[in-house]
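Survey of secondary and tertiary structure
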Amino acid sequence: MHDTRTRETWNARLTRLLAPTLLAVTSVALVSGVVATSLGRPSVADSCWAIGTVVSLAPAVGWVVVALRQRTAGVDLIAVLALAGTLAVGEYLAGALIGFMLATGRTLESAAERRASRDLRALLEHAPRRAHKRIGHDVVLVPLDAVEPTDLLVVASGEVVPVDGVVVADRSAVLDESALTGESLHVERRVGESVRSGVVNVGSTIELRATASAADSTYSGIVRLAQEAAADKAPIVRIADRFAVWFLPLALLVSSVAWWLSGSAVRAVAVLVVATPCPLLLAAPVAIVSGLSRASRIGVVIRGGGALETLGRARTLVMDKTGTLTTGRPSGLDVATAPGHNPDEVLQLAAAVDQLSPHVLAESIVRFARARGCPLPLPTDISEQAGTGVTGIVNGRAVKVGSDHGVLPDWAEAVSTRSALDGAAVAWVQVDDALVGAILLRDPLRRDAPRTLRRLRAAGLDRLIMLTGDRPAPALEIGSIVGLDAVLAEQTPMDKVAAVQAEKRKAVTIMVGDGINDAPALAAASVGVAMGARGATASSEAADIVLTTDHLARLADAMEIARRSRRIAIQSAGIGMTLSLLAMIAAAFGWIAPAPGALLQEGIDVAVILNALRALRGGRSSELTVTRETGLLLQRFDREHDDLRGALALIRDAAERVTAEPGTETLAAVRRAHTVLVEQVLPHERAEETQLYPALADAFGTAEATAPMSRAHAEIDRLSRRLGTHLGAVEAHGEVRPDQRDDLLACLYGLYAVLRLHFAQEEEDYFALAPRVDDDH
């Protein structure tokens, strides 16, 4: 492998050095001959053209030798035969034109590949080499390899973050993460939040505490993958070489037959001249490299053309659940409380204690509380035991949050049952040794997952399968929502490998995952795709493709790029060979002389390479795009959805209280639910109708796209008014009358179901179109 890459490197350098020189010499020789002819000096003209031919022949022989050593002979050999043939029969002008064509093709190839791979090179050149390290009161510039975890680093405005770390200064960091994610919006990271290497500080100077060495940081892993991508050779090139295996003898056969039938060596040389495909089959790798370049722009690093070409032929997709179809970060689902306790109060106490815990569920509880606007006091006397939970003092009260709950009362038994049905984790909350509530957390479905899977089916995938180590119930729920063909739960890493291998025997198979346990299955698949936004994990190392942003939609983008690049590569090679074949037949009949044939072949070669460069352009994507203004609207209403999650919890809590214990607490719960509907939910829905939906109608091209959502708004308004009528009657009588109870429950549960479904539909169909800037939160 090392010898092969050395030869490829030598050949690339030889081409870069020789092509411009050869183009200059052949151009001068060709123009000098034309000038001599115009001055009536044909012998001088022939001498100039002969020099150009001989100068071209020497490097052409060198390229053939290199190709033979790499076992890819066939392309340049025709050019050598044509150059030698023109010298033998005295067609010096044709020889000079072939030499000029050869030089032009090599120069064009080099320029095309430089243009196509400029984004890959930019990724490598973007990598930082040094870092500013704070030592006491001094800041010193040190080599990147000298940075170790826990080092304090200073990153000035405009500098690239050198290693992964966390913000430790007293100000937030404003970052440009486009090099990793492809998103142009700036991202704010507050004190204590993580920052990935490779992003650019676009705000004021910040300080980071390194959490990884340079070699183990995010950007270093991406750079290694990019270097492999740039060095690899695409299988489509080998396909082109196989085409050349039969194209070369065909050209020799046609040339020989033309010579034998006509008795004219000039006619045979003319056939060889028009058959010269110097840059012709180079159009295939240019298309593939262009595809690699386009993929890198959107945050998809592909190890090489082989992976891109195979991705374009895939028919089956196998994927993990956690971190792939779901976000991999639990989020708050609901807060259940004992009678007499308020959900927000329970959540506030739990989140206050969890502020100082590193546990992943603690982080989710704190995020849940902040999203609901709960102020978090600072706890004291914090202690944590693995497997049981966190304890501390909050405002003089002893609070414990964890899995240890003791004997469950009736209300808590219902919570335990619900957690099993919803596939949710439960954090029990105790205050002064009394169980007062429970926080349900669940790993949510990625908002773009259903839309992305529909795009993948449209891109040519016939079978979508999910493999997960999770329990069957939550796995089947996810599978039914996104429309999978099969769901395999409780899978060990070896089970995943066996399942991938079984699918691989039937069709070209993609495996998508993000965890260490997915690495063996990624390696076993035809193409392994890692969700690698959190760094170079074992899954990233085992994968052929790494999505540097945690947007599953990038996989659909990559498939569209792969299929288009492969189609253009084969199309370019096929068109060029067909045109050359037609020109060979015309030359065999004597309709094309060597010199005009050389000009014709030059045009063919340039045309197919320019056609291959179409792979650099976007093509027609199936993904709907929105304007910047509409994107900002989507982000705004998306944030409002997060704030309104509490309304769902209040409505469900009110319904459960109506079912369990009519009384003053029930009346208060219904009043809270109605208040949040009137003051928060309905104004949000009206703003969507008047501001967001008209903007989306322009994006979709029709107002009918949002019509079902408008109907849901009308139903929410109707049920809210009905609930208000019931509430007025309840307050008049001081209690829920028996004749009201059933319809009141229907209103509350109806509102809960309609709102939950409506939110999910908007997030999937609309909000997934907005650029996401909070992937790490």
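No experiment lies behind these values; they were computed from the predicted model shown.

**Looking at the overall build of the protein chain**
Along the protein chain, the regular secondary structure elements total 26 helices and 22 strands. Burial statistics for the protein chain: of 777 residues in total, 53% are counted as buried. For the protein chain, long-range pairs separated by at least 24 residues make up 71% of all intrachain contacts whose partners lie at least 6 apart in sequence.

**Focus on the pairing of strand β21 (residues 527–531)**
Of all five residues in β21, five are buried, a share of seventy percent or more. Burial along β21 is two-sided: the residues Val527, Val529 and Met531 and Gly528 and Ala530 are all buried. Note: strand β20 (residues 509–513) against β21, four bridges, orientation parallel. Of the residues in β21, the one forming a bridge with Val512 is Val529. Here three bridges tie β21 to strand β22 (residues 545–547), and the two strands are oriented parallel to one another. Looking at β22, one finds that Met531 is bridged to Leu547.

**Some remarks on the confidence of the model for the protein chain**
For the protein chain, the mean per-residue pLDDT works out to 79, and 84% of the residues sit at or above 70. Summarising per-element confidence for the protein chain, the mean pLDDT is lowest in helix α5 (residues 118–125) (56) and highest in strand β18 (residues 463–467) (93). Per-residue pLDDT stays below 50 along residues 1–9; that stretch engages in six contacts with residues further than four places along the chain or on separate chains. Scored below 50 in pLDDT, residues 773–777 makes 17 contacts in the model with residues more than four places away or belonging to other chains.

**Re the side chain of Glu688**
Tracing the backbone shows Glu688 in helix α24 (residues 664–700). The side chain of Glu688 is buried and forms no salt bridge, while Arg636, the nearest opposite charge, is found at 9.0 Å. Discounting chain neighbours no more than four positions away, the residues touching Glu688 are Phe637, His641, Tyr693, Pro694, His713, His758, Glu762 and Phe767.

**Re the pattern of salt bridges**
Tallying each qualifying case throughout the model produces 23 salt bridges. When the shortest N-O distance is used, the salt bridge between Glu363 and Arg367 registers 3.6 Å. Note that Glu363 and Arg367 are positioned in helix α13 (residues 360–371) at a spacing of four residues, about one turn of the helix. In this structure, Arg722 engages Asp743 in a salt bridge whose closest nitrogen and oxygen atoms are separated by 2.9 Å. Within this pair, whereas Arg722 is found in helix α25 (residues 707–733), its partner Asp743 is found in helix α26 (residues 738–765), the two being separated by 21 residues in sequence. We classify Asp743 as partly exposed; its relative accessible area is 25%.

**Remarks on unusual backbone geometry**
We note that Asp381 has phi near 55 degrees; this positive angle belongs to a residue other than glycine. The exposed category is assigned to Asp381, whose relative accessible area is 63%. Located in the positive-phi region is Asp432, a residue other than glycine, with phi close to 50 degrees. Here Asp432 is to be found in the loop between β16 (425–431) and β17 (434–442). Under the relative-accessibility criterion, Asp432 is labelled partly exposed at 44%.

**Considerations on the sheet that holds strand β10 (residues 300–302)**
Read across the open sheet, the seven strands follow the order β10-β22-β21-β20-β11-β18-β19; overall the sheet is mixed. Two strands lie at the open edges of the sheet, namely β10 and β19 (486–488), each paired on one side alone. In this sheet, neighbouring strand axes are inclined to one another by 20 degrees on average, regardless of whether the strands run parallel or antiparallel. Judged from the three bridges that link them, β10 and β22 form a sheet pairing that is antiparallel. Residue pairing in the sheet places Ile302 in a bridge with Ile545 of β22.

**A short note on the packing of aromatic side chains**
Throughout the structure, instances matching the rule amount to two aromatic pairs. Here the aromatic rings of Phe589 and Trp591 are separated by 5.2 Å at their centres, their planes lie at 20 degrees, and the arrangement is stacked. Trp591 matches Phe589 in its accessibility class, with the two residues each being exposed. Geometrically, the ring pair formed by Tyr693 and Tyr766 is edge-to-face, given 6.0 Å between the ring centres and 65 degrees between the ring planes. A residue pair is termed long-range when its members are at least 10 positions apart, and Tyr693 in helix α24 and Tyr766 in the segment after α26 qualify at 73 residues. Each member of the pair, Tyr693 as well as Tyr766, carries the same accessibility label: buried.

Reading the values: rules and limits
- Residues numbered from 1 in each chain as written.
- Predicted model: local features only at pLDDT ≥ 70, side-chain atom pairs only at ≥ 80, totals over all residues.
- Heavy atoms only, no water.
- Helix = DSSP H or I, 4+ residues; strand = E, 2+ residues; numbered from the N terminus.
- Buried < 20%, exposed > 50% of the residue type's maximum accessible area, 1.4 Å probe, protein only.
- Contact = heavy atoms within 4.5 Å.
- Pairing = 2+ DSSP bridges.
- pLDDT = per-residue confidence, 0-100.
- Lys, Arg positive; Asp, Glu negative; His and termini not counted.
- Salt bridge = Lys/Arg side-chain N within 4 Å of Asp/Glu carboxyl O.
- Axes fitted to C-alpha atoms, helices over the stretch in contact; angles between N-to-C directions.
- Phe/Tyr/Trp six-rings, centres within 6.5 Å; stacked < 30°, edge-to-face > 60°.

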